[in-house]
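Each chain, letter by letter, is given below.
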Amino acid sequence: MSNTNNKPGRSGSGPRSQADYAFTIPGRDEVLALLEAEGRPLAAREIFSALKLKGEPQRQAMRKRLGAMGRDGQLIINRKGEYCLTARIHLVTGVVQGHRDGFGFLIPEDGSDDVFLSARQMREVMHGDRIAVRIKSYDRKGRPEGAVAEVFERANTQVVGRYVAQGGIGFVVPDNPRITHEILIGPKHRGGAQPGQIVIAEITAPPGQTTYPVGRISRVLGEENDPGMETEIAVHAHNLPFLWPDEVAQEMVAFGEAVPESAKQGREDLRKLPLVTIDGADARDFDDAVYCEPDGSGWKLLVAIADVSHYVVHGTALDAEARNRGTSVYFPNRVIPMLPEALSNGLCSLKPDVDRLCLVCEMRIDKQGKVTRSRFFRGVMRSAQRFTYEQVAGIIQHGDERLRERFQARVEGLETLYSLYKALLGARKKRGAIDFEIPENTLEFDERGRVAAIHERVRSDAHKLIEECMIAANVEAARFLRKARIPSLYRVHAGPDEDRLEELKLFLAAVGVPFNPGSTFKPEMLSKVIELVQDRPDAALIETVMLRSLAQAVYKPGSGGHFGLALGEYAHFTSPIRRYPDLLVHRAIGHLLDGGKPGAYTYSLVEMEGLGDHCSRCERRADDATREAMGWLKTEFMQDKLGQEFQGTISGVTQFGVFVQLDTLQIDGLVHVSALGSEYFDLDRPRYRLIGSRSGRIFQLGDRLQVRVARASLEDRKIDFDLVSKEGDVSRHKDEGGTERRKKGGGIRKKGGNPKKKQGNTAKKSATPEKRRKSVTNKGKS
C-alpha cells in the first residue's frame, strides 16, 4: 500500500517525469513500486542500482526526488539511512493542530481518526507542521494517542506576536493561540523592538524536546492600538500570501484593459440579453450574472459566470499564485484577493455596459423547481444593470414604488426571477435542506479606522434568490462533470458523526426542544427543529449550536454529496474570481466543451486529491484569520464601554463560569463563576448548567442575563462581564433533608448526590459542543 498524495501541482506522479529535470528519471510511482516489491527498506545506492540509474546527474536528481518524497510523507529514512515506505512501518502522517492549552492533535492525511498529542509531544512541533507519529496507546473510548516519529515540514518560518522582555531575556509571545511556544530573541536580534510592540519574528531554530525555538525580529509592526493592526496580525499569523511575485506583474501587462475582439470569436453572443448582477453594496468584483424568462409552464434560467479560466492558464505564474492563495480573504476593512485587481475588479468583473467573457449554465426548470435539462457554453455578455441586494429586495419583496419607478425597465425580469425563486425554494424545502437564519454582523468604521458601530445584517429574499440560482448552477456543474468522469473537485459536506449527534441531542433536551434522530439521520430533521424554535428568543443560539454540530464542508475529487443542502452531488462553479476550486471546475468544463477526453485532461486524480486538500486548508486558513480579526475588532469596540450594561444570552457553560453573547452585537464574554454569587457552583454537564450548591440557583444555556462590561483585553482577546441580573430569576433553598424547594411557587424536585466542596475555576473545556465554522447555506460557503 503506497501513499501518493502529492502536493498541488507537483510533477512526477506518473511512470516517468521530466518536469523538474533536464533528462528522464523514474517517477514517484516507480520508486514506491520498487520498495513495495522488495518488501524491505533500501539504501540510496540500492535504489539507483535497481532503477538502472547511470551517471551522477541522474543519481543527484533521484536524491532530490527521494528528498521530496520524504518531505511529502511518502518515505521515511531510518537510522541506517535507508528509505522506508511510511505505510509499512505503521506510522500515521498528517498535520499538527495545536491547542491553546499546550496539547494538540495530528490530523491524518488519510482521513482516519485524529491522534492525540500530549503537551510533552508538542514540545518539538508547532501548529501546522507535517509530521509522522507512532501510535503508542488508546484511551478507554478507543481514541489513539501518538508519539512524534518524524518532522517532514516546518509550517512556521515566522510568527507574529508581542515582544516581551523579562529579567534581561527577550522573547515573542505568538498571537496565534494554537502556537504555545515562546520564541527566544537574543540581545543582538531584537531589531529595535520595544516591549509590548507587535513584531514579526523569523524562526532560526525550531523547538526541540528540551529547547525553546529561537528567532530574530525581522519587522516591527507597531503598537497594538494602531488602526488596521488586527488585519496585519491576522495576515502574518496565518501566513496569508499578500505580495504579488514579479512574474505575475509581468504576465498581467499582456492582458490590457479591454477584451480584444479576437477573444470574443467562437462564443455565443449574449450582449443583447438583459443579464444583471446582484451583489452587496460594497462589492467590487462581480463574478455572476443572471437572466430568467418564462418557458412554457416553467422558466429558462441563465447563470453567467466570469470566464476566469480564459485569463488564468495552467502553468503560468498567475495560476501558481492563485493556487497558492486558494481563495480571496475578506477582512472587515481589507480584501486580499486571489487574483490581481486588474482581473478581479477589472477584466473578469461583470460590470455594466462593458463586454465580458463568460461561461454560462443554461437551465430549463419546471414549475416544481426541478431542472429538466441544462447545457454549458462559452459566451460574451454585457451586464445590463448592477443591482444591490437592498435594491432588489425593495423592488420584489417590499414593493418600493420609488425603486420600481427608477428601474422600471428591469422590474418584469426581476419579478420573473422572483417567481422562479419561489419554485426553487419549494424544491429546497421538499428535499429537506437546512436553512439557518443566523444573523451576521457588519462593522462601521470611523475616520480613524476604529469600529464606530456594529450592525446586524439580515438575509433578504434577494440574497436567497441569488443563492438558489447559484446552487442550481453548481448542481448542474457537478452532474456534468460526474457524467464525463473527468477529474475535478466537488464540494462535499458529510453529516454529523455519532458523538456530535449525541451532544446535540443532549443540548436540545436541555433547552426543551424534542429531538430524536433515530438510526437514519437526515437534514430535514434539523430543518424541523429550526421551524420549531424560530420564534424563540434563543433561536439564534440554538441554530448556532446546531451548525457547530455539523461537519466542515471540504473539497474532494469524489462526489460525496452535500448534507446541509440535501443534495447527492454538488460542486463550486459560480465564484472563480475568489475560489480556486471554482476555477478548476471551469477548466474541466472547458476541456469537455473543446471536445477533450477525460484521459487527456491536464490533471490526474492524484493531483486533484492534493488540490482538494490544499484548497480546503486555504479556506480554513482564511476563515481562521478573518474570525480572529473580527474578534480583535469587537474586543477593541468594547474597551470604551466599561461599566455599561447589556442584555445577552448564555451561550456556553463551563466549570469556571458562563459565556454570554450580547444581543445584536454577537459579542461573547465570560461571567466568571466568582461573579455568579458567594457560593460554590457545580457543573451539570448533560444539562449545560451551573447549580449553586447552597441556594440551588441555576445558570443554564439559553438563559437571559443583564451584564455589565468589566474588562476588554486586546492582549488575550477576552471580554469579562459582571452579572447584574437574571431574567425570571427564582432563588431556591434546600431543606434539612436535601430537598430543593422554590421560595416562590412551592415547586419541589429531588436532586441526588452531594454538592462539591471544592470549586474548580481553571477548567478549559466548555460544556457546549466544540465550535465549528459556518459551512453551509450562504452564497459564499455552500
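Residues numbered from 1 in each chain as written. Predicted model: local features only at pLDDT ≥ 70, side-chain atom pairs only at ≥ 80, totals over all residues. Heavy atoms only, no water.

Draft legend 1. Looking closely at the sheet that holds strand E31 (residues 681–684). With antiparallel pairing, the 3 strands of this open sheet are ordered in space as E31-E32-E33. Where the open sheet ends on each side, the last strands, each with one partner, are E31 and strand E33 (698–700). For this sheet, the mean angle separating the axes of adjacent strands, direction not counted, is 20 degrees. One ladder, built from 4 bridges, connects E31 with strand E32 (residues 689–692); its direction is antiparallel. For Leu683, the partnering residue across the bridge sits in E32 and is Leu690. (Pairing = 2+ DSSP bridges. Helix = DSSP H or I, 4+ residues; strand = E, 2+ residues; numbered from the N terminus. Axes fitted to C-alpha atoms, helices over the stretch in contact; angles between N-to-C directions.)

Draft legend 2. How the structure looks around helix H12 (residues 461–484). Spanning 24 residues, H12 covers 35 Å between terminal C-alpha atoms, matching the ideal 34 Å at 1.5 Å per step. Looking one or two residues beyond H12, the residue adopting positive phi is Arg485, at roughly 55 degrees. (Expected span 1.5 Å × (residues − 1).)

Draft legend 3. The arrangement of the pairing of strand E6 (residues 104–108) in detail. Burial along E6 is one-sided: Gly104, Leu106 and Pro108 are buried, while Phe105 and Ile107, pointing the other way, are not. Pairing analysis gives 5 bridges linking strand E5 (residues 91–98) to E6, with the strands arranged antiparallel. Among the inter-strand pairings, Val96 is bridged to a residue of E6, identified as Leu106. Where E5 folds back onto E6 in an antiparallel hairpin, the turn is made up of 5 residues, including Gly102, whose phi is positive at roughly 105 degrees. Sheet topology note: the E6/strand E7 (residues 115–117) ladder contains 3 bridges and is antiparallel. From the neighbouring strand, Leu106 faces E7, where its bridge partner is Val115. Where E6 folds back on E7, the antiparallel hairpin that results is connected by 6 residues, among which Gly111 adopts a positive phi of roughly 80 degrees. (Buried < 20%, exposed > 50% of the residue type's maximum accessible area, 1.4 Å probe, protein only.)

Draft legend 4. Molecular detail of the nonpolar core. Counting 90 residues, the largest nonpolar core has Leu301, Val303, Leu343, Met363, Phe573 and Tyr580 as its most contacted members. For this core, the element with the most residues is H12, which contributes 10 residues. Here Leu343 is in contact with Met252, Phe255, Tyr311, Val312, Leu318, Cys348 and Ser349, once residues within four sequence places are set aside. Core analysis: the next-biggest nonpolar cluster, separate from the first, contains 54 residues, Phe515, Ile530, Leu550 and Phe637 among them. (Core = buried A, V, L, I, M, F, W, Y, C linked by side-chain atoms within 4.5 Å. Contact = heavy atoms within 4.5 Å.)

Draft legend 5. Examining the confidence of the model for the protein more closely. Confidence in the prediction of the protein, expressed as mean pLDDT, is 87, and 90% of residues score 70 or more. In this model, residues 1–21 is a region of pLDDT below 50 whose contacts with residues beyond four sequence positions or in other chains number 68 contacts. When the criterion is pLDDT under 50, residues 731–781 qualifies, and its contacts beyond four places in sequence or with other chains add up to 140 contacts. (pLDDT = per-residue confidence, 0-100.)

Draft legend 6. Quick look at the packing of helix H7 (residues 317–325) against helix H16 (residues 580–593). It is at 9 Å that the axes of H7 and H16 come closest, and there the two elements cross at 130 degrees. When the axes of H7 and H16 are compared, the pair comes out oblique. Contacts between H7 and H16 involve Asp319, Ala322 and Arg323 from the first element and Tyr580, Leu583 and Arg587 from the second. (Parallel < 35°, antiparallel > 145°, perpendicular 65-115°, else oblique.)

Draft legend 7. Expanded view of the environment of Gly70. Note that Gly70 resides in helix H3 (residues 56–71). Overall, the relative accessible area of 16% leaves Gly70 in the buried class. Measuring from C-alpha to C-alpha, the distance between Gly70 and Tyr291 comes to 52 Å, with 221 residues separating the pair along the chain. If near-sequence neighbours (up to four positions away) are discounted, Gly70 is found in contact with Leu75 and Phe152.

Draft legend 8. Up close: the packing of aromatic side chains. Scanning the model with the defined rule gives 14 aromatic pairs in all. Between Phe255 and Tyr311, the aromatic rings sit 5.6 Å apart at their centres with planes inclined by 85 degrees, giving edge-to-face as the arrangement. With Phe255 in the loop between helix H5 (246–252) and helix H6 (261–264) and Tyr311 in the loop between strand E18 (298–306) and H7, the pair connects residues that are 56 residues apart, well separated along the chain. A relative accessible area of 23% means that Phe255 is categorised as partly exposed. Ring centres 6.0 Å apart and planes at 85 degrees place the aromatic pair Phe515 and Phe521 in the edge-to-face group. (Phe/Tyr/Trp six-rings, centres within 6.5 Å; stacked < 30°, edge-to-face > 60°.)

Draft legend 9. Region of interest: the pairing of strand E8 (residues 130–138). Alignment of E5 against E8, held across 5 bridges, turns out to be antiparallel. From the neighbouring strand, Val95 faces E8, where its bridge partner is Arg130. Both E8 and strand E9 (residues 144–153) contribute to a ladder of 8 bridges, which runs antiparallel. Pairing of Ile131 across the sheet is with Val151, part of E9.

Draft legend 10. Focus on the layout of surface pockets. For the second largest pocket, the calculated volume is near 390 Å³. If you trace the second largest pocket, you find 17 residues lining it, with Lys429, Ala433, Asp435, Ser527 and Glu531 closest to the centre. Where the lining of the second largest pocket is concerned, the elements lending two or more residues are helix H11 (408–431) and helix H14 (523–533). Grouping the constituent residues of the lining of the second largest pocket by class yields 4 nonpolar, 3 polar and 10 charged. (1 Å grid on protein atoms, 1.4 Å probe; cavity = no way out; pocket = protein on both sides within 12 Å on 5 of 7 lines; lining within 4 Å. Points joined across faces, edges and corners; volume = space filled by probe spheres on them. Nonpolar A, V, L, I, M, F, W, Y, C, P; charged D, E, K, R; others polar.)

Draft legend 11. Structural context of the environment of Ile185. With respect to the secondary-structure elements, Ile185 resides in strand E12 (residues 183–185). The spatial distance from the C-alpha of Ile185 to the C-alpha of Val335 is 32 Å, given a sequence separation of 150 residues. Other than its neighbours up to four places away in sequence, Ile185 contacts Tyr163, Gly170, Phe171, Val172, Arg190, Ala201, Gly215, Arg216 and Ile217.

Draft legend 12. How the structure looks around the pattern of salt bridges. In total, this model carries 51 salt bridges according to the counting rule given. For Glu56, the salt bridge goes to Arg63, with nearest N and O atoms at 2.7 Å. A relative accessible area of 35% places Arg63 in the partly exposed class. Across the pair Asp720 and Arg711 runs a salt bridge whose closest N-O atoms are separated by 3.2 Å. Residue class for Arg711 comes out partly exposed when judged on its relative accessible area of 32%. Through salt bridges with shared partners, a single ionic network connects Glu261, Lys264, Asp269, Arg271, Asp355 and Arg382. (Salt bridge = Lys/Arg side-chain N within 4 Å of Asp/Glu carboxyl O.)

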